[in-house]
Amino acid sequence: MQFQTVDFHITPFDGTNPPVTKPDPKFLHDIGEEGMRALLRSFYTKLYHSPIADLFEEEFEAMMQAAQNSADFFIQICGGPKYFNKRRGAPQMRGRHAPFRITPTARLHWLTRFEEAIKEEVIAKSLSDPATIQSFWSYLDIFSLWMINTPYD
Ligand code: HEM
């Protein structure tokens, strides 16, 4: 049997937007909708205490609502019910991020907080296997390049 771990690789920003592959739906199947909500709560709690906290809501309560909206999106992108479309409308992620100054450094903070949350909420709890978690990570790595709208720090 081959021992496999998740490679939390971060593709360097070079101004291009590589093609995006959606996460393997098995990720949602493995962790469940509640697991996805717990993952996003953990992630948003970390963002709240991160160097990019000023991009986000000031009140912790509002941050937890944002985590719910975000979980709606991730459940949907992993092949689950279309909660985000229903509650927030078409994703149009680039447009939704346009009001915020998203630099390559902000992306690094965003991704490394997500990595920590995945380690605590998915890997430590043995909820999914490395290949499946890898597909979720690769999606975040590539799609986060698309959110950069300010190429200098
Ligand atoms: C590249 C680094 C990124 C930064 C700094 C960032 C920052 C933000 C900020 C400031 C907001 C608004 C506050 C909020 O509702 O949470 C937001 C919303 C959101 N972001 Fe990001 N984001 C990044 C990448 C991504 C990526 C890659 C995805 C999806 C894969 C994503 C999904 C979302 C979703 C679903 C929302 C909620 C939109 C809504 O409810 O209207 N973000 N993000």
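Just above sits the structure.
What comes next is a walk through the structure.

Reading the values: the criteria
Residues numbered from 1 in each chain as written. Predicted model: local features only at pLDDT ≥ 70, side-chain atom pairs only at ≥ 80, totals over all residues. Helix = DSSP H or I, 4+ residues; strand = E, 2+ residues; numbered from the N terminus. Rg over C-alpha atoms; globule rule 2.2 N^0.38 Å. Buried ≥ 20, exposed ≤ 12 C-beta atoms within 10 Å, placed from the backbone. Contact = placed C-beta atoms within 7 Å. Near = placed C-beta within 6 Å. Nonpolar A, V, L, I, M, F, W, Y, C, P; charged D, E, K, R; others polar.

When helices and strands are counted, the protein shows six helices and zero strands. The N-to-C order of helical and strand elements in the protein reads α-α-α-α-α-α. Here the C-alpha radius of gyration of the protein, 15 Å, is about what a compact globule of 153 residues would show, namely 15 Å. Dimensions along the principal axes, computed over C-alpha positions, put the protein at roughly 45 × 35 × 30 Å. Taken across its 153 residues, the protein has 27% of its residues classed as buried. In the protein, 78% of the contacts between residues at least 6 apart in sequence involve partners at least 24 apart.

So, on to the site of the ligand. Around the ligand, the structure places 20 residues, and the nearest of them are Ala-66, Asn-69, Phe-73, Arg-107 and Trp-110. Looking at the shell around the ligand, the elements with two or more residues in it are helix H2 (60-77), helix H4 (93-97), helix H5 (104-123) and helix H6 (130-147). Tallied by class, the residues present in the shell around the ligand amount to 13 nonpolar, four polar and three charged.

Geometric descriptors of this kind do not, in isolation, establish any biological role.
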